[in-house]
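# Coordinate analysis (summary)
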Amino acid sequence: MEKVKMLYEGKAKKVYSTEDENLYIVSYKDDATAFNGKKKGTIEGKGAINNRVSNYLMSLLEKEGVPTHLVKELNDRETVVKKVEIVPLEVIVRNVAAGSLSKRLGIPEGTKLPFPVIEYCYKSDPLDDPMVNEYHIRAMEIATDEEMKTIAKYALKVNEFLIGFMKGVGIDLIDFKIEFGRTSDGTIILADEISPDTCRFWDAKTHDHLDKDRFRRDLGDVEGAYHEVMKRLLGE
Ligand code: ADP
Ligand code: UDP
């Protein structure tokens, strides 16, 4: 499978068309951004790590009954995925208070939530990804009620699976962001990525941050943290 034309260059990935109209190739970059692009940098090796970690987790989620866009890993940085029309929502699931939730609601970072909390943000760079609820989503026709039921069901399933799986490698899953899309026949599947860029992973013993917060908050050894996650998951 070959890349034909670059369709989109985002902050973390490039998306290419292929000879197959139902397939794209995504190419993961080492570029890192935070605060909606206001902070920029490079994390050496990040593209390859996120590609491999995301593909590994998605392949396991498929077996758990969550359909994903994963088709085939081509090489370190590139993967063939099913083309979808992205539902323009960041679907966030939280198990422990952190980041924007702690700021907004005054719940100290690290406070365990009694049950998972789902949040939706409308994907829009000019608007800074504002939080929306099901009523906004319905009124703006971002997704149908039926699609939202499927999305929430899959989001909680991803959460349940990832909590247990990460626990097994000594990592607490604090929160994460996922995206869904519609295939050409309208089926909702998990798309985009699941990686240290899009999850908060804390070492279960030391509570060290093994994720993009090291970059956002200038905690140092960002590369080391990404490598540590890959090593625990893939053994290298
Ligand atoms: P951003 O757009 O936020 O800068 P990326 O750099 O990760 O993010 O760009 C990847 C883009 O590709 C995102 O807009 C994402 O929604 C989109 N995308 C992810 N998976 C698919 C897919 N299977 N089909 C179509 N678009 C996808
Ligand atoms: N997240 C993400 N992309 C975004 C915003 C958030 O992947 O554009 C992830 C982030 O890594 C964290 C979770 O979603 O795992 C919740 O992030 P939060 O709302 O606390 O935002 P932040 O503190 O990153 O501003």
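See the structure shown above.
This is a predicted model, so every value here is computed, not measured.

### Structural notes on the site of ligand 2
Close to ligand 2 lie 14 residues; R94, S100, D175, R200 and R216 are nearest. A distance of 3.1 Å is found between an oxygen atom of ligand 2 and a side-chain nitrogen or oxygen belonging to E90. D175 places a side-chain nitrogen or oxygen 2.5 Å from an oxygen atom of ligand 2. For the shell around ligand 2, the elements supplying multiple residues, two or more each, are strand 9 (89-96), helix 2 (99-105), strand 12 (171-182) and strand 14 (199-203).

### Quick word on the site of ligand 1
Residues in close proximity to ligand 1 total 17 residues, the closest being Y8, K11, A12, K13 and E179. Note that an oxygen atom of ligand 1 is positioned 2.6 Å from one of the backbone N or O atoms of K11. Between ligand 1 and E179, the relevant distance is 2.7 Å, taken from an oxygen atom to a side-chain nitrogen or oxygen of the residue. Isolated, ligand 1 exposes 560 Å² of accessible area, and the fraction of that covered by the protein chains is 87%. For the shell around ligand 1, the secondary structure elements donating two or more residues are strand 2 (13-17) and strand 7 (78-82).

### Some words on the packing of aromatic side chains
Tallied over the entire structure, the rule returns three aromatic pairs. Aromatic side chains Y154 and F180 sit 6.4 Å apart centroid to centroid with 25° between the ring planes, which places their arrangement in the stacked category. Remark: F180 occurs in strand 12 and Y154 occurs in helix 4 (residues 145-167); sequence separation between them is 26 residues. For the residue pair Y154 and F180, the accessibility class agrees, reading buried in each case. An aromatic cluster is defined as three or more aromatic residues linked by ring pairs; in this entry it consists of Y56, F161 and F165. Positioned over the ring face of Y16 is K3, at 5.3 Å from the centre of the ring.

### Notes on the sheet that holds strand 6 (residues 70-73)
On the basis of which strands lie adjacent, the open sheet formed by five strands has the order 1-2-3-7-6 and antiparallel pairing. Of all strands in the sheet, those with a lone pairing partner are strand 1 (5-9) and strand 6, marking the two edges. This sheet shows a mean twist of 30° between the axes of neighbouring strands, independent of strand direction. Packed onto the sheet, helix 1 (residues 46-63) meets strand 3 (23-28), strand 6 and strand 7 and runs at close to 130° relative to strand 6.

### Regarding the environment of G99
With respect to the helices and strands, G99 occurs in helix 2. When the C-alpha atoms of G99 and D175 are compared, they prove to be 9.4 Å apart, with 76 residues separating the residues in sequence.

### Description of the packing of helix 1 against helix 6 (residues 222-234)
It is the contact of helix 1 with helix 6, at a shortest axis distance of 10 Å, that shows an interaxial angle of 35°. The interaxial crossing formed by helix 1 with helix 6 has left-handed handedness. Together, K46, I49, N50, R52, V53, Y56 and L57 of helix 1 and Y226, H227, M230, L233 and L234 of helix 6 make up the contact between the two elements. Each residue belonging to the contact of helix 1 with helix 6 can be placed in one class, and the counts come to eight nonpolar, two polar and two charged.

How each quantity is defined
- Residues numbered from 1 in each chain as written.
- Chains lettered and ligands numbered in written order.
- Predicted model: local features only at pLDDT ≥ 70, side-chain atom pairs only at ≥ 80, totals over all residues.
- Heavy atoms only, no water.
- Near = heavy atom within 4 Å.
- Polar contact = N/O pair within 3.5 Å; in protein donor to acceptor, adjacent residues only side chain to side chain.
- Helix = DSSP H or I, 4+ residues; strand = E, 2+ residues; numbered from the N terminus.
- Areas by Shrake-Rupley, 256 points an atom, 1.4 Å probe, with all protein chains shown as cover.
- Phe/Tyr/Trp six-rings, centres within 6.5 Å; stacked < 30°, edge-to-face > 60°.
- Buried < 20%, exposed > 50% of the residue type's maximum accessible area, 1.4 Å probe, protein only.
- Lys NZ or Arg CZ within 6 Å of the ring centre and 35° of its normal.
- Pairing = 2+ DSSP bridges.
- Axes fitted to C-alpha atoms, helices over the stretch in contact; angles between N-to-C directions.
- Contact = heavy atoms within 4.5 Å.
- Left-handed = near helix turned anticlockwise from the far one by under 90°.
- Nonpolar A, V, L, I, M, F, W, Y, C, P; charged D, E, K, R; others polar.

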